[in-house]
Every structure is written in C-alpha cells, then in structure tokens.
Amino acid sequence: MTGIDGLKNFLDASVSAYHATYELVKMLAAAGYTQLHEHEEWNLVRGGKYYMVRGGTTMLGRAVLKFFPKTMKSLKYPENVIMVTGSCGKGSTTKLITEVLERAGMKVCCNRDGANQWEGVATTIMNQTKGDTVQADALVLEVDERYLKLVIRFLRPKYLVINNITRDQPPRQGDYDIVYGEIMKGIAPDTHLIVNGDDPILRKFSLSHRGPITYFGIEKTKNSYEWMDDIKDYLYCPKCGH
C-alpha cells in the first residue's frame, strides 16, 4: 500500500472525529506505541513511544438516551449517589470528594473528564455498568447547573453539593437568580443538600427546600475580611438581611 492509498483509506474511514481518533489509535498501536491513561501513574522510559486519548465522553450516553431512553432508569445504582453543581469549581470539588471516598476504600464511579451534561453523565455510568448494575460503591458526579433537571429524569442523588452561584457565562446563564431557579428544578424534596454557607445567594435554598440541608464553610482567621468591593451579586443574606 502506498502512502497515498493509506491516506485515502484513513480519510474514508474517518467519517467523524470519533472515527478518526479510533483509526489513529489503531495505527499507533500497530506501530508499537503504548497507551497512557490520564488518571493512572505513568512509568515512562526514555526513548519509549506513548500516546494518550482524551474525549469519547458523551457519544455512548447520547446514543443510549436517544435510542434506549428507559435504560438509565432501569439500572441498579449504588446507595450513595452524590452530585456536585454550581457555577465554578464543580470539577475540583468532585475530584476531592472522589479521592476522600477512594482513600476510605470505596470504589467510585466519577466523570473525571468533566463531561457534566446529561450525555456525559450517562456515558460515565454506562462505562461502569455490567449487566444492569453499576459496578461501584458510590457515584460522584459533576453536573452542569443547567442540566441537573435533565439528569434527575433517570437518577436522583442522595446528596447534592452546591458550591456557589456567580455571574458565570452571562450569555448562557443570564442572571444568578435564573441559575438558582434552574438548580431548584433539579432538586427532589427528599434530597440532602450540602451547601456553601459562605455564599449568601445559596441561603435562598433554605427558603424553598424542605428537605435536609447541611452547610459548610471556612472559619475566620487573621486573614479574613468583612467586606469585598468586587462582590456585586448578593451583598446581604437573602434570608436574614445581614
């Protein structure tokens, strides 16, 4: 096969970005390259040949949700389902919770790659499923604040961590009160909320949610301050007015 023929075959097989990635992986493996996984320790050897694949985090879930919409509801999930949402820091918080649980000896299913819309969440779950059972002691899932209401169509969390609401991505989110309303649409009455008590906006959840709420925050230190000139969203607590 000539170089031109090989290129033609590659282009013919690469009908999408996913197919092109698959074809490249086959070529690299055939050439003796070793695949590295992002979340594993790398033992590299000088002169070695390696490659890493990122992506592939939504296609499976998209197909399942479109063609087999009842599948996600029919799965057997672990008792501990934790979701993390909010404007900023969802990924970091999700990874912190996952590491704590794994250090405690639990097997955790987590969307570590940050695919936090409902197709990505579904892909994460399906990749960890054998038969009709999710093979994990706990699910820890980062969920986009706009997609929480869609994810709970097939999976309700036992715990929902809400870290903050800010003026993030104004063209998509609009206003922080809109984001608050979108998150409320994804909260079941019996969900246990774990909320950042240092964010005044999040105090609104205690006015609307009748289920259990646990607050977390940072203690005052010598470096703490009472006022921030660059905070223009909620200057006062919507519950007590202070």
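Residues numbered from 1 in each chain as written. Predicted model: local features only at pLDDT ≥ 70, side-chain atom pairs only at ≥ 80, totals over all residues. Heavy atoms only, no water.

Draft legend 1. Examining the packing of aromatic side chains more closely. Scanning the model with the defined rule gives 1 aromatic pair in all. Their ring planes at 55 degrees and their centres at 4.8 Å tell us that Tyr180 and Phe205 sit as a pair that is tilted. Of the two residues, Tyr180 is situated in helix α9 (residues 176–184) and Phe205 in helix α10 (residues 205–208); the sequence distance between them amounts to 25 residues. Take Tyr180: its relative accessible area is 9%, and that puts it in the buried class. A relative accessible area of 0% places Phe205 in the buried class. One cation-aromatic arrangement involves Arg203 over Tyr215; the distance from NZ or CZ to the ring centre is 4.1 Å. (Phe/Tyr/Trp six-rings, centres within 6.5 Å; stacked < 30°, edge-to-face > 60°. Helix = DSSP H or I, 4+ residues; strand = E, 2+ residues; numbered from the N terminus. Buried < 20%, exposed > 50% of the residue type's maximum accessible area, 1.4 Å probe, protein only. Lys NZ or Arg CZ within 6 Å of the ring centre and 35° of its normal.)

Draft legend 2. Up close: the pairing of strand β8 (residues 159–162). In the sheet, strand β3 (residues 80–85) pairs with β8 via 4 bridges, with the strands oriented parallel. Residue pairing across strands places Val84 opposite Val161, the latter belonging to β8. Both β8 and strand β9 (residues 192–196) contribute to a ladder of 4 bridges, which runs parallel. Bridging from a neighbouring strand, Ile162 pairs with Val195 of β9. (Pairing = 2+ DSSP bridges.)

Draft legend 3. Expanded view of the pattern of salt bridges. Enumeration according to the criterion identifies 10 salt bridges in this entry. Here Glu23 makes a salt bridge to Lys26, at a shortest N to O gap of 3.4 Å. Of this pair, Glu23 and Lys26 both sit in helix α2 (residues 17–30), 3 residues apart, roughly one helical turn. The class for Lys26 is partly exposed, based on a relative accessible area of 41%. Linking Glu145 and Lys90 is a salt bridge whose minimum nitrogen-to-oxygen distance equals 3.3 Å. Separated by 55 residues along the polypeptide, Glu145 in the loop between β7 (138–142) and α7 (148–151) and Lys90 in helix α5 (residues 90–103) bring together distant segments of the chain. (Salt bridge = Lys/Arg side-chain N within 4 Å of Asp/Glu carboxyl O.)

Draft legend 4. Local environment of the pairing of β7. Of all the 5 residues making up β7, 5 are buried; the element is thus mostly covered by neighbouring parts of the structure. Neither face of β7 is open: one carries Ala138, Val140 and Glu142, the other Leu139 and Leu141, and all of them are buried. Taken together, the 5 bridges between β3 and β7 define a ladder with parallel strand orientation. Bridging from a neighbouring strand, Met83 pairs with Leu141 of β7.

Draft legend 5. The packing of helix α3 (residues 59–67) against helix α6 (residues 118–127), seen in detail. Direction vectors running N to C along α3 and α6 enclose 100 degrees, while the axes themselves pass 7 Å from each other. One finds that α3 runs roughly perpendicular with respect to α6. Contacts between α3 and α6 involve Met59, Leu60, Gly61, Arg62, Val64 and Leu65 from the first element and Trp118, Glu119, Ala122, Thr123, Met126 and Asn127 from the second. Tallied by class, residues from the contact of α3 with α6 come to 7 nonpolar, 3 polar and 2 charged. (Axes fitted to C-alpha atoms, helices over the stretch in contact; angles between N-to-C directions. Parallel < 35°, antiparallel > 145°, perpendicular 65-115°, else oblique. Contact = heavy atoms within 4.5 Å. Nonpolar A, V, L, I, M, F, W, Y, C, P; charged D, E, K, R; others polar.)

Draft legend 6. Highlighting the sheet that holds strand β10 (residues 213–216). Within the open sheet, the 6 strands sit side by side as β4-β7-β3-β8-β9-β10. Their pairing is parallel. With partners counted over all chains shown, the strands left at the sheet margins are β4 (108–110) and β10, one partner each. Strand after strand, the sheet turns through a mean of 15 degrees between neighbouring axes, direction not considered. Its contacts with the sheet put α5 on β3, β4, β7 and β8, and the angle it makes with β7 is roughly 165 degrees.

Draft legend 7. Fine view of α9. Residues of α9 that are buried: Tyr176, Val179, Tyr180, Glu182 and Ile183. Seen along its axis, α9 keeps its buried residues to an arc of 160 degrees; they face one direction. (Arc of directions from axis to C-beta.)

Draft legend 8. Fine view of the nonpolar core. With 33 residues, the main nonpolar core has Met83, Ile125, Phe154, Ile162, Ile165 and Phe205 as its most contacted residues. Counting only elements with at least two residues in this core, the list comes to α3, β3, α6, β7, α7, β8, α9 and β9. Residue contacts for Ile162: discarding those within four places in its chain leaves Thr85, Ile183, Ile187, Leu193, Ile194, Val195, Asn196, Leu202, Phe205 and Phe216. If you look at the next biggest cluster of nonpolar residues, it comprises 9 residues, including Ile97, Leu101, Cys110 and Val140. (Core = buried A, V, L, I, M, F, W, Y, C linked by side-chain atoms within 4.5 Å.)

These figures capture arrangement, not role.
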